[in-house]
2 protein chains.
Amino acid sequence: MADTYDPSAFPPFAVTADLVILTVQPPTVRALLVRRASGPFAGSWALPGGFVGPDQSLADAAHETLARKTGVSVDATHLEQLASFGRPDRDPRMRIVSVAWLALLAEPAEPVAGDDTDEAQWVDVAALDGDLAFDHAEILATGIERARNRIEYTTLATRFCGDEFTMAELRAVYETLWSTELDPANFHRKVLAIDGFVEPTGENTSGGRGRPARLYRRGDAVDLDPPVRR
Amino acid sequence: MADTYDPSAFPPFAVTADLVILTVQPPTVRALLVRRASGPFAGSWALPGGFVGPDQSLADAAHETLARKTGVSVDATHLEQLASFGRPDRDPRMRIVSVAWLALLAEPAEPVAGDDTDEAQWVDVAALDGDLAFDHAEILATGIERARNRIEYTTLATRFCGDEFTMAELRAVYETLWSTELDPANFHRKVLAIDGFVEPTGENTSGGRGRPARLYRRGDAVDLDPPVRR
DNA sequence: GCAATAACTAGTCATAAAGACAATAAAGCA
DNA sequence: TGCTTTATTGTCTTTATGACTAGTTATTGC
């Protein structure tokens with residue numbers, strides 16, 4: 001960083017935390033979006049977000065927005081930094097740099113309308129034709145692509161499942177995000193072969209059609225070795 | 001993003017682009033660092049960087065800093081966004097959000113001292129004990145970790161080699177970054193089996209000890225399939 | 001109740017990839 | 001010439017993957 005500096009010599013940048021909040025509801029991938037009530041792009045869908053406060057860390061700003069929109073506990077969520085977007089003209093009002101975050105949720109908690117009265121809603125990302133406010137379509141695409149890659153090498157796919165889930169539910173997460181079909185038998189064998197990916201609860205499902213499935217919970221592992229190839 | 005806004009209602013944020021510029025000189029990994037001449041952390045090593053200009057994109061700011069410090073052509077370099085760092089107290093002077101970038105270079109171009117008269121130098125990252133200015137040790141560690149992961153799934157390892165390189169040189173990049181030894185025969189077979197990773201030039205090395213090695217150049221592939229496992 | 005059905009789980013076999021290691025090739029050098 | 005060094009090829013074993021078959025265990029509809 002340069003040594004010379006003078007706060008007033010630099011134009012005012014604002015910094016926001018914008019969130020790509022994803023959930024998988026087979027056969028759809030859904031993002032939590034807000035409909036802008038006013039200002040530029042009024043009426044368009046946008047990513048939920050908020051300005052980073054003067055004494056607030058970037059992560060805190062992201063957590064705050066997530067809690068405000070979903071009310072979901074931090075434990076039940078995976079939240080990671082995605083990338084920053086800062087084209088000079090991305091917001092017509094002023095120079096705003098957006099630090100984007102990716103959140104992965106199991107259940108679509110009822111979205112909470114913001115104090116800015118924007119309508120919040122889970123939207124099937126396949127139904128969007130890229131008509132989001134600002135450069136949010138690009139940010140959303142980056143987030144989805146990140147999620148698609150993450151589940152290959154990490155255990156994050158389990159974040160889209162509840163605390164207890166069946167092998168078929170976990171497989172549906174992969175199939176939905178990757179738009180592929182995976183062989184149930186081979187998937188089953190492979191997942192169980194990865195140490196710490198899932199742990200059996202000892203319980204079974206009941207009430208469904210067909211043979212009840214065993215229930216599993218998340219294991220301790222973070223990275224998948226070997227990875228689950230696409 | 002919130003609809004309500006008022007530029008003056010927000011404290012002045014400054015945004016910088018800070019670069020983790022890496023090269024591999026087996027058996028060392030080197031980063032291009034500058035020694036701070038004045039200001040906070042005077043005398044300490046720091047990452048090269050600069051403020052993002054009022055009408056400058058984040059990427060342009062990164063490219064500019066890279067060119068200023070290395071003089072290396074953009075073509076010969078891989079430059080990707082790493083992450084953003086914005087703890088409120090990371091700079092004692094004012095609120096600064098750093099968008100960090102990762103650059104991978106083949107040859108250690110002679111570093112160029114900045115106009116701020118900071119001394120620039122390639123430093124063996126193993127010799128640093130984390131005593132960098134600001135939170136730059138954390139940023140550097142993030143960059144090295146990113147590079148270590150990237151060469152597993154992408155062809156970026158070739159970015160650390162010159163335009164023409166031998167299989168042993170490419171292998172040394174992996175061995176240096178991963179601190180492992182790889183079997184020469186198996187590595188050779190594996191690299192050639194990946195379509196578009198490297199292409200033979202038809203030339204051989206000469207003058208060294210032992211059998212001359214074939215020379216290769218980068219192929220067209222970006223991702224490695226299958227990956228080179230650690 | 002009793003098939004029929006759906007869904008999960010286990011097993012088999014052929015193929016492909018990876019790891020260990022031996023063997024050969026092509027230079028320089030004493 | 002023969003030894004050393006490094007590069008490349010080849011072989012064998014083990015392991016992982018993919019396609020497929022068969023068995024298990026529940027619910028659903030006569």
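Residues numbered from 1 in each chain as written. Chains lettered and ligands numbered in written order. Predicted model: local features only at pLDDT ≥ 70, side-chain atom pairs only at ≥ 80, totals over all residues. Heavy atoms only, no water.

A. Expanded view of the protein's contact with DNA strand D. Neighbouring DNA strand D are 19 residues; Arg189 and Lys190 of chain A together with Ala185, Gly210 and Arg214 of chain B lie closest to it. If you look at DNA strand D and keep only atoms within 4 Å of the protein, 57% of those are sugar or phosphate atoms. Within the side chain of Asn186 of chain A, a nitrogen or oxygen atom sits 2.9 Å from a base nitrogen of DNA strand D. In this structure, a phosphate oxygen belonging to DNA strand D sits 2.6 Å away from a main-chain N or O atom of Arg214 of chain B. Elements supplying a minimum of two residues to the surface near DNA strand D: helix H4 (184–193) of chain A together with helix H3 (167–178) and helix H4 (184–193) of chain B. At 4 residues, the largest contribution of residues to the surface near DNA strand D is made by H4 of chain A. Its residues placed into classes, the surface near DNA strand D shows 7 nonpolar, 5 polar and 7 charged. (Near = heavy atom within 4 Å. Polar contact = N/O pair within 3.5 Å; in protein donor to acceptor, adjacent residues only side chain to side chain. Helix = DSSP H or I, 4+ residues; strand = E, 2+ residues; numbered from the N terminus. Nonpolar A, V, L, I, M, F, W, Y, C, P; charged D, E, K, R; others polar.)

B. Just the protein's contact with DNA strand C, in detail. For DNA strand C, the set of nearby residues contains 21 residues, the closest of which are Ala168, Arg211 and Arg214 of chain A together with Arg189 and Lys190 of chain B. A breakdown of the atoms of DNA strand C within 4 Å of the protein gives sugar and phosphate a share of 62%. Asn186 of chain B places a polar side-chain atom, nitrogen or oxygen, 3.0 Å from a base nitrogen of DNA strand C. The contact in question runs from a phosphate oxygen of DNA strand C to an N or O atom on the side chain of Lys190 of chain B, over 2.5 Å. Ranked by residue count, the leading element in the surface near DNA strand C is H4 of chain B, at 4 residues. When grouped by side-chain class, the residues that make up the surface near DNA strand C number 7 nonpolar, 5 polar and 9 charged.

C. Expanded view of the side chain of Thr65 of chain A. Following the sequence through the fold, Thr65 of chain A ends up in helix H1 (residues 58–70). Ignoring any residue separated from it by four or fewer positions in sequence, one finds Thr65 of chain A in contact with Ala17, Leu19, Pro48, Gly49 and Gly50 of chain A. (Contact = heavy atoms within 4.5 Å.)

D. Fine view of the pairing of strand S1 (residues 14–25) of chain B. All names here are of chain B. With 11 of 12 residues buried, S1 is to be regarded as a mostly interior element. Relative to strand S6 (residues 96–105), S1 runs parallel, the two sharing 10 bridges. By the bridge assignment for S6, Val15 is matched with Val97. Strand direction decides the pairing type here: S1 and strand S4 (residues 49–51), joined by 3 bridges, are antiparallel. Each residue of the ladder has a partner; that of Thr16, found in S4, is Phe51. When S1 meets strand S2 (residues 28–35), the two strands line up antiparallel, connected through 4 bridges. Across the sheet, Val24 pairs through a bridge with Val29, a residue of S2. Counting the residues in the hairpin turn of S1 and S2 gives 2 residues. (Buried < 20%, exposed > 50% of the residue type's maximum accessible area, 1.4 Å probe, protein only. Pairing = 2+ DSSP bridges.)

E. Quick look at unusual backbone geometry. Residues and elements named next belong to chain A. Put simply, Pro26 and Pro27 share a cis peptide bond, and its omega is 5 degrees. With respect to the helices and strands, the residue Pro27 is situated in the loop between strand S1 (14–25) and strand S2 (28–35). With an omega of 5 degrees, the peptide bond between Asp225 and Pro226 qualifies as cis. Inspection of the secondary structure assignment puts Pro226 in the segment after strand S9 (214–218). One non-glycine residue, Phe41, adopts positive backbone phi at about 65 degrees. Mapped onto the secondary structure, Phe41 falls in the loop between S2 and strand S3 (45–46). If you check the backbone angles, Phe134 has positive phi at about 50 degrees while not being a glycine. Looking at the secondary structure, you find Phe134 in the loop between strand S7 (119–124) and helix H2 (136–153). Owing to a relative accessible area of 13%, Phe134 belongs among the buried residues under this scheme.

F. Inspection of the domain arrangement of chain A at higher detail. Residues and elements named next belong to chain A. Examined at the domain level, chain A breaks down into domain 1 (7–151) and domain 2 (155–218). Here domain 1 and domain 2 have C-alpha centroids that lie 29 Å from each other. Every contact between the two is made by 18 residues of domain 1 and, on the other side, 12 residues of domain 2. Taken over both partners, the interface formed by domain 1 and domain 2 buries close to 1,400 Å², and the fraction arising from carbon and sulfur atoms is 70%. It is Val24, Arg148 and Ile151 that lose the most area in domain 1 upon contact with domain 2, and together they represent 45% of the buried surface on that side. (Domains from an automatic or database assignment. Buried area = accessible area lost by both parts, 1.4 Å probe.)

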